[in-house]
Amino acid sequence: MIGLMSATAAGAAARDRLAAAWPDRTRVYDGPVKDAVRSAFAECEQLVCFLATGAVVRLIAPLLADKRTDPGVVCVDEGGRFAVSLVGGHGGGANELAVQVGELLAAQPVVTTATDAVGVPGLDTLGFPVEGDVAGVSRALLDGEPVALDAELAWPLPPLPVSDGDAAHVIRVTDRAVEPGEREVVLRPPSLVVGVGASKGAPVEEVLGLVESAVRDAGLSLKSLAQLATVDAKSDEPGIVEAAQRLGVPLVTYSAEELAAVEVPNPSDAPLAAVGTPSVAEAAALVGGGELLVPKRKSERTDGQPAMATCAVVRRLARGRLAVVGLGPGARDLLTPRAKAELRRAAVLVGLDQYVDQIRDLLRPGTLVLESGLGAEEERARTAVAEARKGQAVALIGSGDAGVYAMASPALAEASDDIDVVGVPGVTAALAASAILGAPLGHDHVSISLSDLHTPWEVIERRVRAAAEADIVVTFYNPRSRGRDWQLPKALAILAGHREPTTPVGVVRNASRPDESSRLTTLAALDPATVDMMTVVTVGNTATRDIAGRMVTPRGYRWQASQAAQASQEVAK
């Protein structure tokens, strides 16, 4: 919950705007400001104070205890010009909150955390437990000193400006129970899955003790525990449920049929008779694949009674992550916030060199850039997938929307289910051109590429004829190049067989870019020689009109019908 408080009418107005926008996330604290801040500090995860920073500093100073537990605090000035991350930038989420508040109130977010200011991810913000000299290693990253990455486990980390050679500082990624050395940070990725089986009524101490001893005896760290797993028949077994709660990890359950299908080294008749699968602990740990580090072991009791719990430990390596990102038509303000976030998250960027140049300044230090020239789409797709299979966080970029005549198709054709794939939509050239022209896509429309490099012309022509006969607005991509100068005239001739010569046609070149140009012409007047590969051509249907110099297609045909009726009445007169 986010606590909101203010001291003036202007502050209250901005406060109420925030409360109205986030009704489920916020709580307004009225009354004397000192009491409001004290109450919110104790009851909320974050605070937004519509007060001067000096006043807030004095109010919260006696309340601060530990940056790992204190709430994040953001201050918004009286004029609503700035949203300042004051306390808890990382741990309390104040840096991110300042950005969100700024977007909502049209205020400038102010973040002074050093790592955020220079684009280096904070080592304590990666979502993993972190140990060691966090301050010292972070300072070395900021100062450009050599820092080595010792990744015992491949994990899709964000980019880190690390060195390949000797370095005095080290970032180690491991699930082993090792102590950080001097000038070293240890990151604990959630790589361990513990499968658990238990008899009815098994004490939580027995289950918990077994899990902890199995992990510890294998030389592993409990801080890398990702989940407990068991059969769904044990989903409400108190000893297992409470053990997961105490360990702070989710309890994941599977059906007996799912577990019975998993090959294990130590099947048993006992669980088969009890819950319908020859293995619970090993099978539950191995469902998602991985390396069995600790085979099934039983708990040890001191009272001479039979063991009531079993467990097995599996290391499940991280899946690589491939984000296929659409950059939009070129203008920076048409690059979506989600696309920007993915670009900053990726440790590896793959793309066409001219597209990389568009967004190079948005990349974090340490990002590996793999760029290539025109005509290497399949190679870029293979490269991106191969990097993701190494366990990397990868962004594969394309213009417009990556799924429209861009990189998503070749990438997904290359990828299998061994990596995670995320699609990030972008503003397509057709949409950018449509906004410039007016509203040509107000009714059914289709996009057709006239490039026959990947599609036989016979197929393209059949699609153009179908669109012409169906009276659908058509946007032509890749309309004409020096080596392909006859396809556009041919396509226009096909459309002309079904539409009037006066049908509006919109021509937009370099939509949204500094040298953007556009014009509205007609099907009869369009000169194909004025069109190139940087141009989008939109041909209206029989209902499309030129209204005040704008290309408009009505949402239905009632407008056209009413115009025809009106024309008939004029003729009758």
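Below or above, wherever it landed, is the structure these notes cover.

When you go through the protein residue by residue, the secondary structure sums to 19 helices and 28 strands. Dimensions along the principal axes, computed over C-alpha positions, put the protein at roughly 105 × 65 × 55 Å. Here the protein holds 573 residues, and 46% of them are scored as buried. Counting only contacts in the protein whose residues sit at least 6 apart along the sequence, the fraction spanning at least 24 positions is 64%. Working note: accessible area of the protein is about 27200 Å², and carbon and sulfur atoms make up 51% of it. The protein carries 55 positive and 71 negative side-chain charges, and their two centres are separated by 4 Å.

Further remarks concern the environment of Glu414. Here Glu414 lies in helix α15 (residues 408-414). For the pair formed by Glu414 and Ala381, sequence separation is 33 residues and the distance between their alpha carbons is 7.0 Å. Setting aside residues up to four positions removed in sequence, Glu414 forms contacts with Ala381, Arg382, Val385 and Arg389.

Before going further, it helps to spend a moment on the sheet that holds strand β2 (residues 26-28). Here 6 strands make up an open sheet; going across it, the order is β2-β1-β3-β4-β5-β6 and the pairing mixed. Among the strands making up the open sheet, the edge pair consists of β2 and β6 (108-110). Each adjacent strand pair in this sheet contributes to an overall mean axis angle of 25°, direction not counted. In the sheet, strand β3 (residues 46-50) pairs with strand β4 (residues 72-76) via 4 bridges, with the strands oriented parallel. Within the sheet, the bridge partner assigned to Val48 lies in β4 and is Val74.

In this section: unusual backbone geometry. One non-glycine residue with positive phi stands out, namely Asp471, at about 60°. Counting through the fold element by element, Asp471 comes out in the loop between α17 (457-469) and β23 (473-477). One non-glycine residue, Ala548, lies in positive phi territory at about 55°. When you line up the elements, Ala548 lands in the loop between β27 (545-547) and β28 (550-552). Ala548 gets classed as exposed once you look at its relative accessible area, which sits at 66%.

Turning next to the packing of helix α7 (residues 204-217) against helix α8 (residues 238-247). Between α7 and α8, whose axes approach to 8 Å, the crossing angle comes to 50°. Relative to α8, the element α7 lies oblique. Taken as a pair, α7 and α8 cross one another with a handedness that is right-handed. When α7 is examined against α8, the residues Val204, Glu205, Val207, Leu208, Val211 and Glu212 are found in contact with a partner set consisting of Gly239, Ile240, Glu242, Ala243, Arg246 and Leu247. Taken together, the residues of the contact of α7 with α8 break down into 7 nonpolar, 1 polar and 4 charged.

Now for the sheet that holds strand β22 (residues 445-449). Ordered by their spatial adjacency, 5 strands build an open sheet running β22-β23-β26-β24-β25, and the pairing between neighbours is mixed. In this open sheet, the two edge strands, each paired with only one partner strand, are β22 and β25 (517-522). Geometrically, the sheet is characterised by an average inter-axis angle of 20° between neighbouring strands, direction not taken into account. Alignment of strand β24 (residues 504-509) against strand β26 (residues 535-539), held across 5 bridges, turns out to be antiparallel. What sits directly across from Arg509, in β26, is Thr535.

The biggest cluster of nonpolar side chains holds 23 residues, and the ones touching the most others in it are Val194, Val196, Val207, Leu228 and Val313. Within the residue set of this core, elements represented by two or more residues are β11 (192-198), α7, β12 (225-231), α8 and β15 (309-315). Looking at this core, the element that brings in the most residues is α7, giving 7 residues. Counting residues in hydrophobic clusters, the runner-up holds 21 residues, among them Ala467, Ile494, Val505 and Val507.

In this model helix α1 (residues 9-21) runs 18 Å from its N-terminal to its C-terminal C-alpha over 13 residues, within 8% of the 18 Å that 1.5 Å per residue would give. Structurally, α1 contributes buried residues whose contacts are with β1 (2-6), β2, β3 and α4 (94-105).

With that out of the way, let us pick up the environment of Ile397. One can find Ile397 in strand β19 (residues 393-398). Of the residues examined, Ile397 reaches a relative accessible area of 1% and is grouped as buried. For the pair formed by Ile397 and Met407, sequence separation is 10 residues and the distance between their alpha carbons is 7.1 Å.

This paragraph deals with the state of the cysteines. A full pass over the atoms with the stated rule returns 0 disulfides. Between Cys75, a cysteine without a disulfide, and Cys49, which holds the nearest cysteine sulfur, the sulfur-to-sulfur distance is 5.4 Å. Residue classification places Cys75 among the buried positions, given a relative accessible area of 1%.

This paragraph deals with the packing of aromatic side chains. We describe a pair of aromatic rings using the distance from one ring centre to the other and the angle between the two ring planes. Tallied over the full model, the rule gives 3 aromatic pairs. Their ring planes at 85° and their centres at 6.3 Å tell us that Phe128 and Trp155 sit as a pair that is edge-to-face. With a gap of 27 residues between them, Phe128 in the loop between α5 (114-118) and β7 (130-132) and Trp155 in the loop between β8 (147-151) and β9 (169-173) connect regions that are remote in the sequence. Here the two residues Phe128 and Trp155 agree in accessibility, since each one is buried. When the centroid spacing of 4.7 Å and the interplanar angle of 55° are considered together, the rings of Tyr405 and Tyr477 count as tilted. With Tyr405 in the loop between β19 and α15 and Tyr477 in strand β23, this pair connects stretches of sequence that are 72 residues apart.

Below, the discussion takes up the side chain of Ser449. The topology assignment puts Ser449 in strand β22. Among the polar contacts made by the side chain of Ser449, one reaches the side chain of Asn478 at a distance of 2.9 Å. Beyond its immediate sequence surroundings of up to four residues, Ser449 is in contact with Tyr405, Ile460, Tyr477 and Asn478.

For α4, built from 12 residues, the straight-helix expectation of 16 Å at 1.5 Å per residue is met to within 8% by its first-to-last C-alpha distance of 16 Å. All buried positions along α4 are accounted for by Ala94, Asn95, Leu97, Ala98, Val101, Gly102 and Leu105. End-on, the buried residues of α4 take up no more than an arc of 160°, which puts them together on one face. Among the exposed residues of α4, those pointing more than 90 degrees away from its buried face are Glu96 and Glu103. Positive backbone phi, approximately 60°, marks Ala106, located one or two places after α4.

Further remarks concern the pattern of salt bridges. Scanning all chains against the criterion turns up 24 salt bridges. Here Glu242 ties to Arg246 by a salt bridge, and the two come within 2.8 Å at their closest N and O atoms. You can see Glu242 and its partner Arg246 sitting in helix α8, 4 residues apart, about one turn around the helix. Take Arg246: its relative accessible area is 45%, and that puts it in the partly exposed class.

What counts, and at which threshold
Residues numbered from 1 in each chain as written. Predicted model: local features only at pLDDT ≥ 70, side-chain atom pairs only at ≥ 80, totals over all residues. Heavy atoms only, no water. Helix = DSSP H or I, 4+ residues; strand = E, 2+ residues; numbered from the N terminus. Buried < 20%, exposed > 50% of the residue type's maximum accessible area, 1.4 Å probe, protein only. Contact = heavy atoms within 4.5 Å. Areas by Shrake-Rupley, 256 points an atom, 1.4 Å probe, with all protein chains shown as cover. Lys, Arg positive; Asp, Glu negative; His and termini not counted. Charge placed at Lys NZ, Arg CZ, Asp CG, Glu CD. Pairing = 2+ DSSP bridges. Axes fitted to C-alpha atoms, helices over the stretch in contact; angles between N-to-C directions. Parallel < 35°, antiparallel > 145°, perpendicular 65-115°, else oblique. Left-handed = near helix turned anticlockwise from the far one by under 90°. Nonpolar A, V, L, I, M, F, W, Y, C, P; charged D, E, K, R; others polar. Core = buried A, V, L, I, M, F, W, Y, C linked by side-chain atoms within 4.5 Å. Expected span 1.5 Å × (residues − 1). Disulfide = S-S within 2.5 Å. Phe/Tyr/Trp six-rings, centres within 6.5 Å; stacked < 30°, edge-to-face > 60°. Polar contact = N/O pair within 3.5 Å; in protein donor to acceptor, adjacent residues only side chain to side chain. Arc of directions from axis to C-beta. Salt bridge = Lys/Arg side-chain N within 4 Å of Asp/Glu carboxyl O.

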